[in-house]
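# Commentary on secondary and tertiary structure
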Amino acid sequence: LMDSSYMSNGSYIYGELEAGETYYISLCYQSKLSTVDLTIGAPKAAVDVSEYNVITDSIDFKRQSNLYTFVAKEASYAFIMSGAKDNYTDISVEVLNRLGETVASNGYFSNGDSFTAELTVGETYTIRVNDNDGVTPYTIDMLAAKPAVEFSGKMVVNDSMEHTGQVNHYRWTATADGDFNFYVAN
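Residues numbered from 1 in each chain as written. Predicted model: local features only at pLDDT ≥ 70, side-chain atom pairs only at ≥ 80, totals over all residues. Heavy atoms only, no water.

## Digging into the pairing of strand β4 (residues 76-82)
For a regular strand, side chains alternate in direction, first toward one face of the sheet and then toward the other. The line we're drawing: Relative accessibility under 20% of the residue-type maximum defines a buried residue, over 50% an exposed one, and the middle range a partly exposed one, all with a 1.4 Å probe and only protein chains included. Going along the chain from the N terminus, every DSSP run of H or I of four or more residues is numbered as a helix, and every run of E of two or more is numbered as a strand. Strand pairing follows a simple DSSP-based rule, namely that at least 2 bridges must link the two strands.
In terms of burial, β4 is largely enclosed, as six of its seven residues are buried. Relative to strand β7 (residues 114-118), β4 runs antiparallel, the two sharing five bridges. Pairing of Ser76 across the sheet is with Glu118, part of β7. Direction of pairing for β4 relative to strand β9 (residues 136-144): antiparallel, over a ladder of six bridges.

## Comments concerning the nonpolar core
A general feature of soluble globular proteins is that nonpolar side chains tend to end up buried together. For the record, the criterion: As used in this record, nonpolar core signifies buried Ala, Val, Leu, Ile, Met, Phe, Trp, Tyr and Cys residues forming a set joined through side-chain atoms within 4.5 Å. In this analysis, two residues are considered to be in contact whenever any of their non-hydrogen atoms come within 4.5 Å of each other.
Among the nonpolar cores identified, the biggest contains 24 residues, and Phe70, Phe79, Ile91, Ile127, Val129, Tyr138 and Ile140 are the most heavily contacted of them. Of all the secondary structure elements, the ones that give two or more residues to this core are β2 (54-59), β3 (65-71), β4, β5 (90-96), β6 (102-110), β7, β8 (124-131) and β9. Ignoring any residue separated from it by four or fewer positions in sequence, one finds Phe70 in contact with Asp48, Val49, Ser50, Tyr77, Phe79, Leu119, Glu123, Thr124, Tyr125, Ile127 and Met142.

## Comments concerning the layout of surface pockets
Formally: Residues are called lining when one of their atoms sits within 4 Å of a cavity or pocket point, these points coming from a 1 Å grid over the protein atoms alone, where a cavity is a set in which a 1.4 Å probe fits but cannot get out and a pocket is an open set with protein on both sides within 12 Å along at least five of seven lines. Grid points are joined across faces, edges and corners, and a volume is the space filled by probe spheres set on the points. As a working rule, the residues Ala, Val, Leu, Ile, Met, Phe, Trp, Tyr, Cys and Pro are called nonpolar, Asp, Glu, Lys and Arg charged, and the rest polar, with Gly in that last group.
By volume, the second largest pocket is sized at about 850 Å³. The wall of the second largest pocket is formed by 20 residues, among which Met155, Val156, Val157, Tyr183 and Val184 lie closest to the centre. Here the residues of the lining of the second largest pocket sort into twelve nonpolar, six polar and two charged.

## Concerning the pattern of salt bridges
The following threshold applies: The term salt bridge refers to a pairing of a side-chain nitrogen on Lys or Arg with a carboxyl oxygen on Asp or Glu at a separation within 4 Å.
Summed over the entire model, instances satisfying the criterion amount to five salt bridges. For Glu94, the salt bridge goes to Arg128, with nearest N and O atoms at 2.8 Å. Within this pair, whereas Glu94 is found in strand β5, its partner Arg128 is found in strand β8, the two being separated by 34 residues in sequence. You can call Glu94 buried: its relative accessible area is 16%. Looking at Arg128, the relative accessible area reads 27%, which means it is partly exposed. Between Arg98 and Glu123 there is a salt bridge; the shortest N-O distance is 3.1 Å. On the criterion of sequence distance, the pair formed by Arg98 in the loop between β5 and β6 and Glu123 in the loop between β7 and β8 is long-range, its members being 25 residues apart. The exposure class assigned to Arg98 is exposed, which follows from its relative accessible area of 62%.

## Focus on the side chain of Asp57
Put simply, the test is: Any N or O atom pair separated by 3.5 Å or less is treated as a polar contact, with the protein-specific requirement of one donor-capable and one acceptor-capable atom, and with residues adjacent in sequence counted only for side-chain atom pairs.
In this structure, Asp57 sits in strand β2. Here the side chain of Asp57 touches Tyr68 through a polar contact of 2.6 Å, side chain to side chain.

Right, dumping it as structure tokens:
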């Protein structure tokens, strides 16, 4: 069913197996004798993270996909990655709608990276995390976008940008006809 004539540390084979079937595994040495750790990994069950804003998990074997579902409580979310074993380790992350269509993604999601997703409040979405670099822990913060700020007339707005891809929304109503200057500092 699956065969690899040569495997070394970190190598893997992958196959579609059927529940209830018995499979035989043969390990043969080719060079020097040593101890062997064989990990057989099955997909993790999808986890509902609707009540959480932080996902801490890991990729434990090649070709693993971790699935998380959530009901959007906000129209815009930022996904921020941390917790990988180093800054050069990345994972692939997709946010899928109920039809399985990708609404936002980052194929090389590393420590400190972020991306945003525009969602429909009340809809269920799936986050799919795949390996890029093999075994790695990760943390994904799911932050709701800041609410829109409404103001009119002459006004100074002090705000901040906390992550890449962040969008701050403001509604401004002109109190008179004419030209207006919008000036950004810092």
